[in-house]
Amino acid sequence: MYCHALLSTMQGTLVDAWHRPSADGRPGAYLLWIRTEKGIVCLEDRDFRPSFAVIPERNVGLVEQAVGQHENVYRIETVPRYPSIYATGTTPVVRAFLLDERKVEETMREIRQRSPANVSFAEAKIRIDLQWHYLRGIPPHSAVRFTTDGGVLKSISAAGPCDTSKLRVLAVNCAFSTTDPAKCRLLSISLCDGAGESVFRGGEAAMVRSLQAALDERDPDALAMFDADNTQLPLLGLRARANGMALRLGRVSWSTDLHNAKKQRITHWQAAQARAPGRILLDLWKDARTDADLKRTDLSLESVYDKEFSLSAEKSEASKVYELAVERLPMFTSWCQRCMMPLDSVCREKHGFMNASMVNAALIGSTVIPDTAEYPEGFKTPLVEKVKENGGLVITPVAGLHEDVAILDFSSLFPRIFVKHNISPETINCRHEECREHGEQVPFLGFHICMKRKGVYPEVFGKVLEERDRVKRAMKALDPGSAEYRKLDVLYRSLKMQLVSPYGYMQFALNNFRTVDGNRSVPAFGRYYLLKARDMAEEAGFSVIYADTDSLFVHRNDPSLDYGEFGRLVSREFDMELKLEYVCRWVLFLPERQGCSKGLKKKYFASVDGEPLVRGLEVRRQDRARIAKDTQEQVLEILAAARNKKEFVEAIPSATAYVRKQVGRIMEGDLRADDLAIIKKLSRRPEEYKAMTHHCVAAEKLADGGRRVRVGGKIEYVVTGKNRAVPLEMAREAPLAYDVESYVDNVVRPIYMLLREFGVEYDDLLPGPRQARLERFGQVECKV
DNA sequence: GAATTCGCAGGAGTCA
DNA sequence: TGACTCCTGCGAA
């Protein structure tokens, strides 16, 4: 007899939802791991199966029957939904839950044959684990309320967002002798779980056994690693296997597949992701790679940690990994909540995929998600082809040094535009006659916007924008040093990032909801606002120095004018915040050519209270040698201290003297390979390059030397001559003759460009008497 | 399989 | 040799 009284409701945090694939003789299953107060429970959700949508053209009842009677269909569910976002009305859509997900293609084929009416299919390509979250309406890692009956889930519902403090995190850091698989040995494994650290040393087999024992005993929910997919896990797997062992990282009985040997000499950077069912595998390196704030570092654990905590601390690697994980978890779970993707994915995937998932998750209840784009060109009208300006507006600056300049920014301009003006695939140039005549018009392009319905992009991202504004307001009331502020700041950064890519994703080729017309409308509105703001500035007695997309550089013609007040005036006028970011002592724009009054766009140098504010110059570029960047940085610091043009000119001699000293060092060979290293991305295989560039030559040499080279990865090299370069790793090992002329020019030219308008000659930046010439340079060996 | 456009610059290669 | 184009990559927004 079934005793329902035993079904008590429990609460917990959903750690993992995993679909075990079907195998011959064993059907697939959705398994859930939930952390409760009493510990971890594993449940099977038998009601839920992988599924797809069947959209009958007519004869719904008969189609339902045909689908329901198919031998691979476990059960069906018919709900009225919009068959497409462009549809004006709903139609009954049958969802077929499958017994064996491997047979999805043939099941669809057979249903098509047996149906009494034409049918179309959709939603078969939605990732199998995401289907569970989408359709159950339960975000990954959220708090849940559930009932069970002997390991089988009876009911489940979301009971709030994820509380990351409920998850047990264990940081794992393995030290290897080298990353070369052929020579690699495991040196040590360290663990950190917040309470303490442990380090295993000694024989490889013993270390692997200790790690397994620690996992079994501590039973963490998440394993945090730095560069898990590319380094830590594959090498750990390799060494375990070499010692005749296998690791079990998940909460299932079988071992985790960690190392797949690659035969190619140069591999793709996107290493396969290991999955440990029941546990979360965090890769903090992959996250740092896509994080705008961290991108500027060299992506080593040390620099990512220092950047995140704005401090350099002497800590063990495992504890750094642990702290990073704990710090970033709330940021990740904010994404999880919205895009319905688990932490495993959120820390690895690019933002576009997560944006797409946000849209899908919001739509799936009411609208069928197509497997392919309905409009392959994404609604590109002939008009849009003709328009040359597609992006933001850039107003050419007047070259030279401008004193007393304010930089004002429209905050989150693009997302705010498509939310405010209701820009979305289905609303731009909609088919309603009424909207065509009376709907809002896009400036410059003349498109009309639907006034009858709210688009999906404004709907989804409007919520993100609202929360971002709410968090921002809350932060203003707090002390920036407080823990509460810090917590909100993490959330704020996540929300800000969630708003960066939706605009671009609108016209991304593989986005099934793409709209080219909609995408072009966004910067069109942006140009409209910026031009209006420029006119308002000029009317109010300011001159506009420069503008790029959403920022405005203005100078007051009358010292009594207030920059902040102008920002508020524009904000009120447009109902769109124009924020005063900086008031600069001066801003310097470089001329296009010597003596030219037209300034370069996207490159400037300003002094904000004596601190340099730089955009686009060499110091900001990673494809410049350390020595060149350090020299420029020092020069900029000297110059930034100047309060006005007069002091700027006075500061020039000390700047040039410094440059001469640095150039002297280069010519004497007083440099280490690291000072000379240039970093570039290898975007294809060396043989695919048409031009034999330095980074391509270096990549070839690395691969020939038996080292790992990843397409899409970064190549560091030292230039030794025309068409000649040596990878940094090799340059460190033996003395090498670097290309002095090239490096001198790399250091001198940026400074020369900066100062030539003030009468500085190229030769003034070279050491020795003025008649010094580059011809003197020979090849000099650098220090090792 | 996972955002875009605009703008700048250096090096290789080509031509006169 | 210098002017030009193409290839490639990077950064600003």
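Definitions and cut-offs
Residues numbered from 1 in each chain as written. Chains lettered and ligands numbered in written order. Predicted model: local features only at pLDDT ≥ 70, side-chain atom pairs only at ≥ 80, totals over all residues. Heavy atoms only, no water. Domains from an automatic or database assignment. Buried area = accessible area lost by both parts, 1.4 Å probe. Polar contact = N/O pair within 3.5 Å; in protein donor to acceptor, adjacent residues only side chain to side chain. Near = heavy atom within 4 Å. Nonpolar A, V, L, I, M, F, W, Y, C, P; charged D, E, K, R; others polar. Salt bridge = Lys/Arg side-chain N within 4 Å of Asp/Glu carboxyl O. Helix = DSSP H or I, 4+ residues; strand = E, 2+ residues; numbered from the N terminus. Core = buried A, V, L, I, M, F, W, Y, C linked by side-chain atoms within 4.5 Å. Buried < 20%, exposed > 50% of the residue type's maximum accessible area, 1.4 Å probe, protein only. Contact = heavy atoms within 4.5 Å. Axes fitted to C-alpha atoms, helices over the stretch in contact; angles between N-to-C directions. Parallel < 35°, antiparallel > 145°, perpendicular 65-115°, else oblique. Pairing = 2+ DSSP bridges. Phe/Tyr/Trp six-rings, centres within 6.5 Å; stacked < 30°, edge-to-face > 60°. Lys NZ or Arg CZ within 6 Å of the ring centre and 35° of its normal.

Here we take up the domain arrangement of chain A. On domain assignment, one finds that chain A holds domain 1 (48-140), domain 2 (164-262 + 270-364) and domain 3 (626-775). A straight line from the C-alpha centre of domain 2 to that of domain 3 covers 35 Å. Roughly 460 Å² is buried in total at the junction of domain 2 and domain 3, and carbon and sulfur atoms are behind 36% of that figure. In terms of surface lost to domain 3, no three residues of domain 2 exceed Thr-179, Asp-180 and Asn-230, which account for 53% of the buried area on that side. Counting across the domain 2 and domain 3 interface gives 0 residue pairs in polar contact (both at pLDDT 80 or more).

Now for the protein's contact with DNA strand C. In the vicinity of DNA strand C lie 18 residues, with Asp-550, Arg-620, Lys-681, Ser-683 and Tyr-689 positioned nearest. Backbone atoms, meaning sugar and phosphate, form 87% of the atoms of DNA strand C found within 4 Å of the protein. In this structure, Lys-602 approaches DNA strand C through a side-chain N or O atom, which is 3.3 Å from a base nitrogen. Here a phosphate oxygen of DNA strand C and a side-chain polar atom of Tyr-689 are 2.5 Å apart. Residues of the surface near DNA strand C, tallied by class, amount to 2 nonpolar, 4 polar and 12 charged.

Evaluation of the coordinates by the stated rule reveals 54 salt bridges. The salt bridge involving Glu-204 is made with Arg-239; its shortest N-O contact spans 3.0 Å. With a gap of 35 residues between them, Glu-204 in helix H4 (residues 204-218) and Arg-239 in helix H5 (residues 228-242) connect regions that are remote in the sequence. One salt bridge connects Arg-624 with Asp-623, and the closest N-O pair in it is separated by 3.8 Å. One continuous salt-bridge network, built from bridges that share partners, spans Arg-35, Asp-219, Asp-221, Arg-251 and Arg-279.

The immediate surroundings of DNA strand B are formed by 22 residues, with Gly-352, Asn-390, Tyr-505, Phe-508 and Leu-510 found nearest. The contact in question runs from a phosphate oxygen of DNA strand B to an N or O atom on the backbone of Gly-352, over 2.5 Å. Here Asn-390 contributes a backbone N or O atom positioned 3.1 Å from a phosphate oxygen of DNA strand B. For the surface near DNA strand B, the secondary-structure elements that each account for two or more residues are helix H10 (351-363) and helix H16 (502-505). Here the element with the most residues in the surface near DNA strand B is H10; it accounts for 3 residues. Looking at the surface near DNA strand B residue by residue, the classes come out as 6 nonpolar, 8 polar and 8 charged.

Now for the nonpolar core. Among the nonpolar cores identified, the biggest contains 109 residues, and Leu-282, Phe-410, Ile-417, Ile-423, Phe-461, Val-554 and Phe-566 are the most heavily contacted of them. Shared between two domains, this core holds at least three residues of each, these being domain 1 (48-140) and domain 2 (164-262 + 270-364). Ignoring anything within four residues of it in the chain, the contact list for Ile-417 reads Asn-422, Ile-423, Val-522, Phe-525, Gly-526, Tyr-529 and Met-576. Membership of the second largest hydrophobic core comes to 60 residues, among which are Leu-639, Ile-652, Val-718 and Val-748.

The next point concerns the packing of helix H20 (residues 645-668) against helix H24 (residues 740-755). The contact between H20 and H24 brings their axes to 10 Å, and the two run at 175 degrees. Regarding the angle of H20 to H24, the classification is roughly antiparallel. Here Phe-648, Ile-652, Thr-656, Val-659, Val-663, Ile-666 and Met-667 of H20 come into contact with H24, specifically with Val-740, Tyr-743, Val-744, Val-747, Val-748, Ile-751 and Leu-755. When its residues are assigned to classes, the contact of H20 with H24 shows 13 nonpolar, 1 polar and no charged.

Across 10 bridges, strand E17 (residues 400-410) lies against strand E22 (residues 578-589) in antiparallel orientation. Bridge pairing in E22 places Asp-409 opposite Lys-579.

To continue, consider the packing of aromatic side chains. The full count for this structure, using the stated rule, is 29 aromatic pairs. Taken together, a centroid distance of 5.0 Å and an interplanar angle of 55 degrees make the contact between Tyr-546 and Phe-589 tilted. Highlighted residues: Tyr-546 in strand E20 (residues 542-548) and Phe-589 in strand E22, separated in sequence by 43 residues. Taken together, the ring pairs connect Phe-410, Tyr-528, Tyr-529 and Phe-574 into an aromatic cluster. Lying across the ring of Phe-97, Arg-75 places its NZ or CZ 4.2 Å from the centre. Lying across the ring of Tyr-689, Arg-684 places its NZ or CZ 5.2 Å from the centre.

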